[in-house]
Amino acid sequence: MRAAVLRSYGDPLDVTTVADPTPDPDGAVVAVEACGICRSDWHAWKGHGEWADDRVPLDSVLGHEPAGRVIAVGDEVETFAAGDHVVVPFDLGCGACGRCATGHGNVCPDGHALGFESSAPGAFAERVAVPHAEFNLQRLPDGVSSVAAASMGCRFATAFHALSNRAAVEAGEWVAVHGCGGVGLSAIQVARSRGAEVVAVDVAEEPLSMADELGAHPVDATESDPVAAIEALTDGGADISLDALGRAETAWNSVRCLRELGRHVQVGLTTDAERGEVPLPTDWMTRWEVDWLGARGCPPSRYGEMLDAVADGSLDPGALVTRAVSLAELPGRLAAMDDYGTVGVEVLRP
């Protein structure tokens, strides 16, 4: 099959022929109909994560947001069969440990990160293997295309988990979103679907325009201080704030724009400028009892609520898709992220 392989950090991915995957006894193989191109793929391509012992090894197949059709299952798989239309979470749990059993499969100590480690080759390819299929695979609702679902294995699911499960957003609350890329725009959709008001911060016109169309109050950080603007719009500060970018400045702004008892959620990963560490106003956080929360993906067992909302039209991940590209075009689209040259969700059609 054809796949895009990481040969050297920062150099174009090698689009080449690799061996077809086969299913483990409890696994499955999915024909990839679409796969989101995520900023986490850009981090992997750049070789980031060394500071957290999380650098993706060379010769890996990247890609972690696939949707498609099951084409083969292992002998132990009973609830999935060839032809099933599925989305694949990137944070693959083992399905048997205490974390998986209690609804926290995204932090499974025996899990795999699809497209980020040698044991779980990714989905910038024509086919992808999925371990522990009965725990990890998620059936798509009727009428949801693979292209529309192609951000749901990471960005959309992460935004859903961050706001619904970690921060427990409620109707009437104010949510601030710092960075209007794919995960930021997803967070706006999720928050609005829960009845929250949203302030969206970015520095570029196109993502702010998309945020406005999704019902957020846009703030251009090149024209005004985002913290002051959020405090003014919300009459004192946001209840929940989400850093979707991962820069020191956006993390600090996200914390500092909160009102008392606010909840900050960190979703964006840092680059080699921060190397995993950012300065924070900790004395101020203590004074006002501000919570700092991390969010990574979404437990496979929590996908049902999100997919139900997609099925009834409350959420529409397809509205965020702005471009579909081929494997040959993929290396250039990753490079475009160097200068934030992508808008919304771009999708690979291998």
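Before any of the text, the structure's been laid out above.
What this report covers is the structure whose coordinates are included nearby.

Cut-offs applied
- All residue numbers here refer to positions counted from 1 along the written sequence of the relevant chain.
- Where totals are concerned, whole chains, interfaces and linings use all residues; where local detail is concerned, this predicted model gives features only for residues with pLDDT of at least 70, and gives and counts side-chain atom pairs only at 80 or more.
- Side-chain figures throughout are based on the complete set of non-hydrogen atoms in the structure, without hydrogens or water.
- Each helix is a run of H or I in the DSSP string that is no shorter than four residues. Each strand is a run of E no shorter than two, and both are numbered from the N terminus.
- Note that the radius of gyration is over C-alpha atoms, with the globule rule given as 2.2 Å times the number of residues to the power 0.38.
- Categorising residues by exposure relies on relative accessible area from a 1.4 Å probe, with only protein chains included: less than 20% of the type maximum marks a residue as buried, more than 50% marks it as exposed, and the intermediate range marks it as partly exposed.
- Contacts: residue pairs with any heavy atoms within 4.5 Å of one another.
- What sets the accessible areas is the Shrake-Rupley method with a 1.4 Å probe; for residues, cover comes only from the shown protein chains.
- N or O atoms closer than or at 3.5 Å make up a polar contact, with two conditions inside protein: a donor-capable atom paired with an acceptor-capable one, and, for residues adjacent in sequence, both atoms drawn from side chains.
- What makes two strands pair is DSSP finding at least two bridges between them.
- Angles shown run from 0 to 180 degrees and are taken between the N-to-C directions of axes, each axis being a line fitted to C-alpha atoms and, for helices, limited to the stretch in contact.
- For classification purposes, angles smaller than 35 degrees are called roughly parallel, those larger than 145 roughly antiparallel, those between 65 and 115 roughly perpendicular, and all remaining angles oblique.
- Crossing chirality is assigned from the near helix's rotation relative to the far helix, an anticlockwise turn below a right angle marking it left-handed and a clockwise turn marking it right-handed.
- We call Asp, Glu, Lys and Arg charged. Ala, Val, Leu, Ile, Met, Phe, Trp, Tyr, Cys and Pro are nonpolar, and the rest, Gly among them, are polar.
- In these notes, a set of buried Ala, Val, Leu, Ile, Met, Phe, Trp, Tyr and Cys residues joined through side-chain atoms within 4.5 Å is what counts as a nonpolar core.

Focus on the overall build of the chain
A count of helices and strands for the chain gives 12 helices and 18 strands. Taking 2.2 N^0.38 as the reference for a compact globule, 350 residues should give roughly 20 Å; the C-alpha atoms of the chain span a radius of gyration of 19 Å, in line with that estimate. Dimensions along the principal axes, computed over C-alpha positions, put the chain at roughly 60 × 40 × 35 Å. Taking all 350 residues of the chain together, 55% fall into the buried category. Across the chain, the fraction of contacts at a sequence separation of at least 24, relative to all contacts at a separation of at least 6, is 71%. When the accessible area of the chain is evaluated, it comes to approximately 14,100 Å², of which 46% is carbon and sulfur surface.

Here we look at the side chain of His178
With respect to the helices and strands, the residue His178 is situated in strand β11 (residues 174-178). At 3.0 Å, the side chain of His178 and the side chain of Ser241 are in polar contact. Those residues in contact with His178, other than ones at most four positions away along the chain, are Val201, Ile230, Ser241, Leu242, Asp243, Ala244, Leu245, Thr250, Asn253, Ser254 and Cys257.

A closer look at unusual backbone geometry
With a phi close to 55°, Asp235 is a non-glycine residue in the positive phi region. Mapped onto the secondary structure, Asp235 falls in the loop between α8 (226-234) and β14 (238-243). Looking at Asp235, the relative accessible area reads 68%, which means it is exposed. The backbone of Glu289 shows a phi angle near 50°, a positive value even though the residue is not glycine. As for its placement among the helices and strands, Glu289 is situated in the loop between α10 (282-287) and β16 (291-294). In this structure Glu289 comes out as exposed when scored by relative accessible area, which is 54%.

Looking at the sheet that holds strand β1 (residues 2-6)
The strands that make up a sheet are held in pairs by hydrogen bonds between backbone atoms, and each pair lies either parallel or antiparallel. In space, the three strands of this open sheet follow the order β2-β1-β4, with antiparallel pairing throughout. Each end of this open sheet is capped by a strand with a single partner; those strands are β2 (14-17) and β4 (60-61). Pairing geometry for β1 and β2, over four bridges, is antiparallel. Looking across to β2, one finds that Ala3 is bridged to Thr16.

Concerning the packing of helix α5 (residues 155-166) against helix α6 (residues 182-193)
Put simply, α5 and α6 touch, their axes get as near as 8 Å, and they point 50° apart. Our classification of the angle between α5 and α6 gives oblique. Where α5 crosses over α6, the handedness of that crossing is right-handed. In contact with Arg155, Phe156, Thr158, Ala159, Phe160, Leu163 and Ser164 of α5, α6 contributes Gly182, Val183, Ser186, Ala187, Gln189, Val190 and Ala191. In the contact of α5 with α6, the residues fall into eight nonpolar, five polar and one charged.

Here's the deal with the sheet that holds β14
Here we have six strands laid out as an open sheet, ordered β13-β12-β11-β14-β15-β16, and parallel in their pairing. Edge positions in the sheet fall to β13 (217-220) and β16, since each of these pairs with one other strand and no more. On average, each strand axis in the sheet is tilted by 20° relative to the strand beside it, whichever way the strands run. With four bridges connecting them, β11 and β14 associate as parallel partners. Bridging from a neighbouring strand, Val175 pairs with Ile240 of β14. Across the sheet, α5 lies against β11, β14, β15 (258-266) and β16, angled at about 150° from β14, the strand it touches most. Running at roughly 175° to strand β12 (residues 197-202), helix α7 (residues 205-213) makes contact with β12 and β13 of the sheet.

Points about the environment of Gly49
For Gly49, the position within the fold is in the loop between α1 (39-46) and β4. Classification of Gly49 by relative accessible area gives buried; the value is 10%. Considering only alpha carbons, one finds Gly49 and Ile230, 181 residues apart in sequence, at a separation of 31 Å. Setting aside residues no more than four positions away along its own chain, Gly49 makes contact with Asp54 and Arg55.

Concerning the packing of α5 against helix α11 (residues 303-311)
Packing of α5 against α11 brings their axes to within 10 Å, and their N-to-C directions diverge by 110°. Considering the angle they form, α5 stands roughly perpendicular to α11. Seen from α5, the contacting residues are Phe156, Ala157 and Phe160; seen from α11, they are Tyr303, Glu305 and Met306. Partitioning the contact of α5 with α11 into residue classes produces five nonpolar, no polar and one charged.

Comments concerning the pairing of strand β17 (residues 321-325)
Inspection of the sheet shows β17 paired to strand β18 (residues 345-348) by four bridges, in the parallel sense. In the strand pairing of β18, Ala324 is matched with Val347.

Details of the nonpolar core
Ranked by internal contacts, the top residues of the largest apolar core, which has 50 residues, are Leu163, Val175, Ile188 and Val265. The residues contacting Val175, other than those within four sequence positions of it, are Leu163, Val169, Ala191, Ala196, Glu197, Val198, Val199 and Ile240. Residues Trp45, Val77, Phe80 and Val130 belong to the second largest nonpolar core, which totals 37 residues.

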